[in-house]
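Residue-level listing of the chains:
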Amino acid sequence: MTLAISAGLLVGCAVYLMMRRDMLRIALGFTLLSHGANLILIAAGGTSSRTEPFGSHDTAAVAEAADPLPQALVLTAIVISFSISVLMFVTAAVGKKDDATRPEVNLAREQDVVL
């Protein structure tokens, strides 16, 4: 239950942040969204009543072992989301000052058109 609440909270906060116009908040929202998706993938693998994915080779332990596929998917997703997050944070830091994503720039352009 805690895993589901944590994933839902992360995805909800990510959607809230990604609805803003600032690139830094969008990048933070994407990072939270990737963490929430990773928790959902881990939950899909079955977290209760399972042991480690690679245990002993007897038949009783194989039936109790966790599925290693969600763990491999999460490991791959962590690497990909880290690289995309770095790209988004660099874009937020180096972006132009007049990229029309800031309200004050849009207001200044509208005032120039009116005058």
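Note that the structure is a prediction, hence the values are computed from the model and not measured. (Residues numbered from 1 in each chain as written. Predicted model: local features only at pLDDT ≥ 70, side-chain atom pairs only at ≥ 80, totals over all residues. Heavy atoms only, no water.)

Here's the deal with the overall build of the chain
Phase 1 of the analysis: What the chain contains, in helices and strands, is five helices and zero strands.
Phase 2 of the analysis: Listing each helix as α and each strand as β along the chain from the N terminus yields α-α-α-α-α.
Phase 3 of the analysis: Within the chain, contacts between residues separated by at least 24 positions form 50% of all contacts whose residues are at least 6 apart in sequence.
Phase 4 of the analysis: As displayed, the chain offers around 8,300 Å² of accessible surface, 70% of which is attributable to carbon and sulfur atoms. (Helix = DSSP H or I, 4+ residues; strand = E, 2+ residues; numbered from the N terminus. Contact = heavy atoms within 4.5 Å. Areas by Shrake-Rupley, 256 points an atom, 1.4 Å probe, with all protein chains shown as cover.)

Some thoughts on the packing of helix α1 (residues 2-18) against helix α2 (residues 23-44)
Phase 1 of the analysis: At a closest axis distance of 8 Å, the pairing of α1 and α2 adopts a crossing angle of 155°. Taken together, the axes of α1 and α2 lie roughly antiparallel to each other. Crossing handedness for the pair α1 and α2: left-handed.
Phase 2 of the analysis: Residue composition of the contact of α1 with α2, grouped by class: 17 nonpolar, four polar and one charged. (Axes fitted to C-alpha atoms, helices over the stretch in contact; angles between N-to-C directions. Parallel < 35°, antiparallel > 145°, perpendicular 65-115°, else oblique. Left-handed = near helix turned anticlockwise from the far one by under 90°. Nonpolar A, V, L, I, M, F, W, Y, C, P; charged D, E, K, R; others polar.)

Points about the UniProt feature "transmembrane region" (unreviewed entry) in the chain
Phase 1 of the analysis: According to UniProt, the "transmembrane region" (unreviewed entry) feature falls on residues 26-46 and 72-94.
Phase 2 of the analysis: With 100% helix and 0% strand, residues 72-94 has its two end C-alpha atoms placed 34 Å apart. (UniProt positions renumbered as here; feature names shortened; annotations may be inferred.)

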